[in-house]
Every structure is written in C-alpha cells, then in structure tokens.
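Observations on the three-dimensional arrangement
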Amino acid sequence: MNDLKRSDFEVNRLGKATLLSPIFKNYAEEAPDKEFIDDSRRIIYDPSIEAYKANMESGEEPISFLKAGARKEIYFDPSKTKAAIVTCGGLCPGINNVIRGLVNGLYYRYKVRNIWGIQYGYQGFIPEYGHEMIKLTPEVVKDIHLFGGTILGSSRGRQDISAMVDALERENINILFTIGGDGTLAGNHVINEEIKRRGLKIVTAGIPKTIDNDVNYMTKTFGFDTAFTTAAAVVRDAHNEATGAYNGVAIVKLMGRDSGFIAANAALAMPDVNFVLVPESKFDLHGEKGFLAALKSRVVDRHHALVVVAEGAGQHLFDEGSEVKDKSGNVKHKDIGVFLKDEIGKFFTGEGIEATVKYIDPSYIIRSEVAIPADSVFCNDLALNAVHGAMAGLTDFVVGRWHNQFTYLPIPVATASRKKIDVDGSLWWSVLETTGQPINMTNEDK
Ligand SMILES: Nc1ncnc2c1ncn2[C@@H]1O[C@H](COP(=O)(O)OP(=O)(O)OP(=O)(O)O)[C@@H](O)[C@H]1O
Ligand SMILES: O=P(O)(O)OC[C@H]1O[C@](O)(CO)[C@@H](O)[C@@H]1O
Ligand SMILES: [Mg+2]
C-alpha cells in the first residue's frame, strides 16, 4: 500500500456540480430507476474478512476508491464545453477504441459538440512543432476501432508545462483527456498543478494506457488482454520451431519493461512454455542452479525447450555500461533476447550438445494489434467513465477497474509506484507449476 492513507484517495473536483445531466433528462421519463452515482459511493480496496475485522478493531476507515459512473448533476454546460484528447507514449491495442468511446460519449450522452484531437502527444500543444488540432466527431471516429495504433499519433519527450497550459487557455479547452502510461499521467498531473496555479476552469482526466499492465490499484489496463492473446499465438508457433528440431530451443521476447505480466500470462495461455523469465524474479545464467543448467536438463530429457523472456528480465547479467534513456527519460533495457540466444548457443556448444536455437521478437507487432473484443468493450467503458467524471467536474483523476467496478483515482496515487508480479502470489506460482521451472534459478539459497 506504500503507506498511503485513506485521504490520499480523495479525487479533486473543480467546483460543485449544479447542472442537471442530459443523461438524467433523457432517462427521467422512460427509465426513472436508472442508477446514478454520487461521490459517497466507494469501492473497497481489500474486500477480505481479515481486513474488515482489522478495520473494525482499529476503528479506521478502510482504503477505498471513488466509484465511477454517471452523475445526476454535472459541472460543465455541454453547449459551452470544449474537450481535447491527446495520446502519448508507446502504442497499445485499444487506443483508437478509447478515442472513439470518448468522442461518442461526449457527443451522444452529453451533447458536447466541440471535441478536438491533439496530434503527436504533448508535442501537439507546442506551436513550434506545427501539429494542427483535428476536429473529432462521431463520423470521423466511426471506423477507427478497426485499426491498431492511434489516429492522433503519439510522442515521447518532455514539453514545457507552461506552454502546454498556454495552449489550453488559448484554445479555451475545458476538459483534457490524456491517454497514456505513467509518464503521460505524471504529465497530466503537472499540467493540472499549473492549471490550479493559474486558477483556470479546466479539468484533466487520464485513461491509463499500458501494455505492461503495471499501473497500481487497477486489476488490468486496456490492451493487456490483446497483448498476451497475440503473444500466446506467437508462443504457440515458437513451440513448433522448438519441437521441429532435435534439441530445438525457441526463445520469445515479449514487452514488459519492469513488470512481466505479458510473459507470465502468455505462458499460462500457452502452457507448452518451459521457462518464463521476468524482471521480478532474478536468475543466474551459470552455476549449478542457474538457468542454463536447468535448460540443459530439460533439453537432455525432452530434446526441445521453449523460453519466454520479458524485455526487462535479467538486466543484472549485462556489464555495467552507460545507461541509455529514451526521450522521456525511461531507461532503455539491454536486449536480453539476443543476449540469451548467444549465451544459450555458446553454452550448448561448450557442453558438446548440438542444439538449434531460434529467437523470435514480436514486440512491436503485438503492440500495434487491433484490440480483441473483450478489450474493445473495456476501452469503451473506460472512456465513458472518464467522460462521466470529467463532465461532473472531477479533475486530476484516472479511471481504473477494481473488483469488476470502475473507479476514479487521484493521479498521484496511481503513479506513486509500479504494479509488479508478486513472486509469492498466485500468478507466479501458477507460472512455476505450469512450466515446471525451478522456483529458484539463482545459486543463492532462498
Ligand atoms: N513528470 C513528468 N512531467 C511532465 N511530463 C512528463 C513527465 N513524465 C513523462 N512526461 C511526458 O509524458 C509523455 C509520455 O511519457 P512516456 O514516454 O514515459 O510514456 P508513458 O505515458 O509512460 O507510456 P509508456 O507506457 O508507453 O512508456 C512524454 O511526452 C513525457 O515527456
Ligand atoms: O520502443 P518504445 O516506443 O521506446 O517503447 C518500448 C516500451 O514501451 C512499452 O511497451 C510500454 O508502452 C514497454 O514495454 C517498452 O519498453
Ligand atoms: Mg511509461
């Protein structure tokens, strides 16, 4: 929980919501019992009986998240509201679905007609880059869910916060939706701080985009299901490569900068995998209990092996060299896939075993895939809930899902730390049991 308190989960609001929502007006006669959510509704963080008893004993209010959904009263007058959407960071399946969901939610549910797309991430706010804003209507976005990527383009790299807020002011934008990962959300928060400092009537809302599924207090982020589903198909084919040669070893590298969720889930979906290597579980290459010894034993026994490695795994195996960062300041990891291919090849040669090693890196193909239906539904729900929150005047918030309920979180709590695989938890134990790989592949005693 990172020592967060109940009050840290309080979402800010720009002002009191006093206007009757068009959604309420639409349903008042035909569906008077339609559920509207108010700010007293919350989703509990830990639903276990132990947590309940502990809270009863201590008298402390449990940690909980604001429940997302349509409010009866809203803050913004739709006829005077201008909204903007920006997409930043790496691609992820479902971004276009989210854009489509935002535009349609604003347009049809709230009758907002003034919706704009900012091109190429935060760059789009800076006039020097010359990226024009694009007018977005249901007609413009009607087919975009059929394509991967983002119709708005994206970028990495720091932009001047003051200049971005100048652009929001200049364009009279009232609502800014940012679709992006932890960096984008951090950017959203500092934009919000500057908005507050200037006393502007602008709200900012985040829809968390991360293929790595590494945002805290969210069971899942959009695009993740598509990512591991697509990865599982590659893993299946890699298995054919492994079994197609005597002593065949196939290695598949998947994305996952600091969290190995895609690798773990792809392996569970395609249980032919024999080894899953993730950033959260350190392994030695050499030595009696190291990865290569375990791989050898598998190959000698079964004459083929399938290895799935997350890009952030095994970084400690590289010689310390200068750290390479991308434009946003994210550390660019050394290529563990190519490294493993070379080391495995050398190792088997040294052992006098003739092995065939095949290396497959489908990272960018997976990232730019079209969202699978489950993700499409999820993207649309996230977008609609972001629209509900923003129209109600909530600000500096990100939409999430927890225990199958949509939630609003203050951005700082969602970005305070990264979600990682718990190596003592059920996901990692399922991986260990499915692959049969040793629990500990280091030469240290655990
Ligand atoms: N603390 C920050 N303040 C202002 N802007 C930031 C901050 N952190 C990141 N950004 C900006 O947010 C944008 C997106 O960040 P980044 O490239 O790290 O991608 P991301 O949103 O984390 O997505 P991904 O998961 O693909 O890495 C970049 O333009 C970056 O400069
Ligand atoms: O090639 P790029 O754009 O730097 O993105 C790579 C990174 O993006 C991510 O997919 C996160 O969006 C990471 O898994 C990966 O390290
Ligand atoms: Mg990031």
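None of these values were measured; they are calculated from a predicted model.

Once that is clear, we can look at the UniProt feature "domain: Phosphofructokinase" (unreviewed entry) in the protein chain. Mapped onto the present numbering, the UniProt feature "domain: Phosphofructokinase" (unreviewed entry) falls at residues 83–388. When the span residues 83–388 is considered, its composition is 40% helix and 15% strand, and the gap between its end C-alpha atoms is 13 Å.

For strand β9 (residues 175–180), a buried count of 6 out of 6 residues is recorded, marking the element as mostly surrounded by other parts of the structure. Strand direction decides the pairing type here: strand β6 (residues 82–87) and β9, joined by 5 bridges, are parallel. The residue bridging T87 from the neighbouring strand is I179, located in β9. Of the strand pairs in this sheet, β9 and strand β10 (residues 203–208) are connected by 6 bridges, and their pairing is parallel. Looking at the pairing, I179 lines up with I207 of β10. On the question of chirality, the crossover connecting β9 to the parallel β10 by way of helix α6 (residues 182–198) is right-handed.

One open sheet holds the 9 strands; their spatial order is β3-β4-β17-β16-β10-β9-β6-β7-β8, and the pairing between them is mixed. Either end of the sheet is taken by a strand with one partner, and the two such strands are β3 (42–44) and β8 (134–135).

This part covers the state of the cysteines. Disulfide: a covalent bond connecting the sulfur atoms of a pair of cysteines. Enumeration over the complete set of coordinates arrives at 0 disulfides. Sulfur of C379: no disulfide; nearest cysteine sulfur belongs to C92 and is 7.5 Å away. We classify C379 as buried; its relative accessible area is 0%.

Turning to the site of ligand 2, a few remarks are in order. In the vicinity of ligand 2, the contacting residues are R156, I211, D212, M255, G256, R257, E311, K332, Y364 and R367. In the environment of ligand 2, an oxygen atom lies 3.0 Å from a nitrogen or oxygen atom belonging to the side chain of R156. Relative to its unbound accessible surface of 400 Å², ligand 2 loses 86% to contact with the protein. For the shell around ligand 2, the residue count by class is 3 nonpolar, 1 polar and 6 charged.

This part covers the site of ligand 1. Near ligand 1 lie 20 residues; those nearest to it are G90, G157, D182, T184 and S328. Take R158: an N or O atom from its main chain is 3.1 Å from an oxygen atom of ligand 1. Within the side chain of K209, a nitrogen or oxygen atom sits 3.0 Å from an oxygen atom of ligand 1. About the coverage of ligand 1: the protein hides 89% of its 620 Å² of free accessible area. Examining the composition of the shell around ligand 1, we find that 6 residues originate from one element, α6, more than from any other.

This paragraph deals with the packing of aromatic side chains. The final tally for this structure, using the stated rule, is 18 aromatic pairs. Here Y107 and Y108 contribute two aromatic rings whose centre-to-centre distance is 5.2 Å and whose plane-to-plane angle is 75°, an arrangement assigned as edge-to-face. Classification of Y107 as partly exposed rests on a relative accessible area of 22%. In this structure Y108 comes out as partly exposed when scored by relative accessible area, which is 48%.

UniProt feature "binding site: ATP" (unreviewed entry): in the numbering of this structure it lies at G90, R156, G157, G181, D182, G183 and T184. Spatially, the listed residues are clustered: although they cover 95 residues, their C-alpha atoms lie within 13.2 Å of one another. With respect to the secondary-structure elements, G181 resides in the loop between β9 and α6. For G181, a relative accessible area of 10% gives the class buried. One can find T184 in helix α6. Residue classification places T184 among the buried positions, given a relative accessible area of 4%. Once you skip the residues sitting within four places of it in the chain, T184 turns out to touch C88, G89, Y122, T178 and I179.

Our next topic: the pattern of salt bridges. According to the stated counting rule, one finds 26 salt bridges in the structure shown. The salt bridge involving R42 is made with E10; its shortest N-O contact spans 3.5 Å. Taken together, the positions of R42 in strand β3 and E10 in the segment before β1 (12–13) put the pair 32 residues apart, joining distant regions of the chain. For E10, a relative accessible area of 42% gives the class partly exposed. Across the pair D361 and K253 runs a salt bridge whose closest N-O atoms are separated by 3.5 Å. Linking D361 in the loop between β14 (356–360) and α11 (363–367) with K253 in strand β11 (residues 248–254), this pair joins segments that are 108 residues apart in sequence. For K253, a relative accessible area of 10% translates into the label buried. In the salt-bridge network here, residues are joined through shared partners; they are D166, E169, E194, R197 and R198.

Let us now look at the nonpolar core. Membership of the largest hydrophobic core comes to 77 residues, with the highest contact counts inside it found for I85, I99, L102, F177 and F222. Among the elements that line this core, the one with the most residues is helix α7 (residues 224–243), at 9 residues. Ignoring anything within four residues of it in the chain, the contact list for I85 reads I99, L102, V103, I115, W116, G117, I118, L136, L152, F177 and I179. Listed in part, the 25 residues of the second largest apolar core include F283, F339, F348 and M441.

A few words on the packing of helix α5 (residues 161–170) against α6. At their nearest, the axes of α5 and α6 sit 9 Å apart, and the two run at 65° to each other. For the element pair α5 and α6, the recorded crossing hand is right-handed. Each of I161, S162, M164, V165, D166, L168 and E169 in α5 lies in contact with α6, whose residues at this interface are V190, I191, E194, I195 and R198.

Conventions used here
Residues numbered from 1 in each chain as written. Chains lettered and ligands numbered in written order. Predicted model: local features only at pLDDT ≥ 70, side-chain atom pairs only at ≥ 80, totals over all residues. Heavy atoms only, no water. UniProt positions renumbered as here; feature names shortened; annotations may be inferred. Helix = DSSP H or I, 4+ residues; strand = E, 2+ residues; numbered from the N terminus. Buried < 20%, exposed > 50% of the residue type's maximum accessible area, 1.4 Å probe, protein only. Pairing = 2+ DSSP bridges. Right-handed = clockwise from strand over helix to strand, strands pointing away. Disulfide = S-S within 2.5 Å. Near = heavy atom within 4 Å. Polar contact = N/O pair within 3.5 Å; in protein donor to acceptor, adjacent residues only side chain to side chain. Areas by Shrake-Rupley, 256 points an atom, 1.4 Å probe, with all protein chains shown as cover. Nonpolar A, V, L, I, M, F, W, Y, C, P; charged D, E, K, R; others polar. Phe/Tyr/Trp six-rings, centres within 6.5 Å; stacked < 30°, edge-to-face > 60°. Contact = heavy atoms within 4.5 Å. Salt bridge = Lys/Arg side-chain N within 4 Å of Asp/Glu carboxyl O. Core = buried A, V, L, I, M, F, W, Y, C linked by side-chain atoms within 4.5 Å. Axes fitted to C-alpha atoms, helices over the stretch in contact; angles between N-to-C directions. Left-handed = near helix turned anticlockwise from the far one by under 90°.

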